[in-house]
Structures are given as structure tokens and as C-alpha cells.
Amino acid sequence: MTAACLLAAGGVARAAECGNSSGGFETWKRQMAEEARGAGHKPATIAALMGTTYSHATIGADRGQKSFKLSLSEFMKKRGSAAIVSQGRQRKASQAAFFAGLEKRFGVPPGPLLAIWGMESGFGAFTGKQNTLSAVATLAYDCRRTEYFTDQLGAMLTLIDAGTLSVASRGAMHGEVGQTQFLPKNVLQYGVDGDGNGRIDLDTMADALASTANFLKGHGWKPGAGYQPGQPNFVAIQGWNAASVYQQSIAIMGRQIDGGED
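The paragraphs below set out a description of the structure included in this document. (Residues numbered from 1 in each chain as written. Predicted model: local features only at pLDDT ≥ 70, side-chain atom pairs only at ≥ 80, totals over all residues. Heavy atoms only, no water.)

1. A closer look at the state of the cysteines
- Taken as a whole, this structure holds one disulfide when the rule is applied.
- Across the disulfide from Cys18 sits Cys143; the S-S distance is 2.1 Å. Torsion about the S-S bond of the Cys18 and Cys143 cystine: about 95°, corresponding to right-handed handedness. Of this pair, Cys18 sits in the loop between strand 2 (14–17) and helix 1 (25–38) while Cys143 is found in the loop between helix 8 (132–141) and helix 9 (146–162), placing the two residues 125 residues apart along the sequence. Neither residue differs from the other here; Cys18 and Cys143 are each classed as buried. (Disulfide = S-S within 2.5 Å. Helix = DSSP H or I, 4+ residues; strand = E, 2+ residues; numbered from the N terminus. Buried < 20%, exposed > 50% of the residue type's maximum accessible area, 1.4 Å probe, protein only.)

Here's what the structure looks like:
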């Protein structure tokens, strides 16, 4: 089976053969390195791609996603929604000026941002230990979602070129990084400097939450409009995660954090 890969906008698409086991990964890497070279990525970045390893743990995680099949109440209980809401309210109060600044800049209130932050990493407590480049390369090679993750791999290489991410970057099993777990393409498109230090580092609270607010704004968030199902801003929350239970959980917890009914 083959899939067209494109590692940079305007580059030349070539056929790199995907696989459902580690057997063809080394051949695939050589093909992708050639593609990356043609797309103008830096030699050190290409060498990093060639140094990736097939991640059996990533494939295991990809095949084992079961929580999205739970009911909404089961899903929220498993994710610890009560604790997220409690901590979210505390953080909203203790960092009121920061969240007010985000709302002024992006139009997004604290609740959804805190709900996402709590759900994705326990407010930064656990962001993952998987090597990001190897995870993304493995999923780009895997036949299940080749095109989608080839796109992510191209973004990852661009971020390494720029120094925003590194060969050593670590995150979740599917290549998500930072305190709100951005995939590389989202870092590239929506990552912003939230603390004014001149660089984007999604392992910091300020950059992660500013980037998340920018993501929601980029997905149609309208300042002052509601974000529950059926309301204008729910579509932006739908852009964050494809699972209905995840979307509804963000909306419910966000409302509770923002002072709505429990």
C-alpha cells in the first residue's frame, strides 16, 4: 500500500509505502528523508528523522482508545471532572488578571481554557514522556491515518528547523506536546508567545493557554457568545477534539468553572 506524502507546502509529492508493522519502517524513513531533503529541511533535521525508532507503545495506544466509547457521565467521572472544576475555579480566581488578559486578546473566557488544560494534562502535571518525533513518524508510517500524520510530520520537521521543538521533545503517545497537548501542525498554526519572552514554549502555562485560546479563536470563537451544544461557540470546541463526549465535557466543565450551574 502506498500513500502520497508532502512534507512542505509547495513541495513535490512522492510515494512512500506505509506499513502495519515495524518491518518496513527503515525503508520508509529513507524515502521520507529524501522527501524532506527535497522540501528544504535542514540537514540536522533530516538526520533527526533518520534517527527515529518505530514506537510500539504509540501503536498500542492508537489501537487501544476505549474511553471515547463511554457515556458522557462515565467519561466525565473517569476524567475526574469534579476535581478539574474545583481546581479550575481556584486557578481562575488566583490568576484572574492573566485570564482577563487572554479574554481581552482572544475573546475566550477562562472556563473552556481551564477545562481543556485540566483534561489534557492535569493543569500541566503530566504532559507525556514519549519522544514526539518518533511518535509522529511512527503514525505517519502506519497505514491507518497515513495522510493525517504525514501532515503532522511535515509540521514537526518545520518546528525542529525553527527551534520551536527539538529532537528531544517529549509528549503524549500520538505526538501531542505541552500543557494543552498540541499536535505539531497546531503548534505551527496556532502557537503564540503568551508571556512575551520572544519564543513559543507550550510547556509553560502562559504559552500553552494563549495558544489554546488562539486555536479556539481560529476555529470561529465569537467573543461573548455561548459555548454549550447548539450555541455559536460550540463549533470551536468541536474543532478541539472529534469525540462528542470530550466536546460536551469541555462545555459542561467550562460552564461550571465560569460560574454556571453545576
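2. Things to note about the nonpolar core
- Residues Trp28, Leu153, Leu216 and Ile250 are the most contacted members of the largest nonpolar core, which totals 65 residues.
- The biggest single contributor to this core is helix 13 (residues 244–257), with seven residues.
- Dropping the residues within four chain positions of it, Leu216 is found in contact with Val108, Leu113, Ile116, Trp221, Ala236 and Ile237. (Core = buried A, V, L, I, M, F, W, Y, C linked by side-chain atoms within 4.5 Å. Contact = heavy atoms within 4.5 Å.)

3. Observations regarding the packing of aromatic side chains
- Throughout the structure, instances matching the rule amount to 14 aromatic pairs.
- Plain terms: the ring middles of Phe75 and Tyr246 are 5.9 Å apart, the flat faces sit at 55° to each other, and that makes the pair tilted. Here the residue Phe75 occupies a position in helix 4 (residues 72–79), and Tyr246 occupies one in helix 13, the gap between them amounting to 171 residues.
- On the accessibility criterion, Tyr246 (2% relative accessible area) is buried.
- Taking 5.7 Å as the distance between ring centres and 35° as the angle between the ring planes, the aromatic pair formed by Trp221 and Tyr227 counts as tilted. Neither Trp221 nor Tyr227 differs from the other in exposure class; each is buried.
- Through successive ring pairs, a cluster of aromatic residues spans Phe25, Trp28, Tyr54 and Tyr141. (Phe/Tyr/Trp six-rings, centres within 6.5 Å; stacked < 30°, edge-to-face > 60°.)

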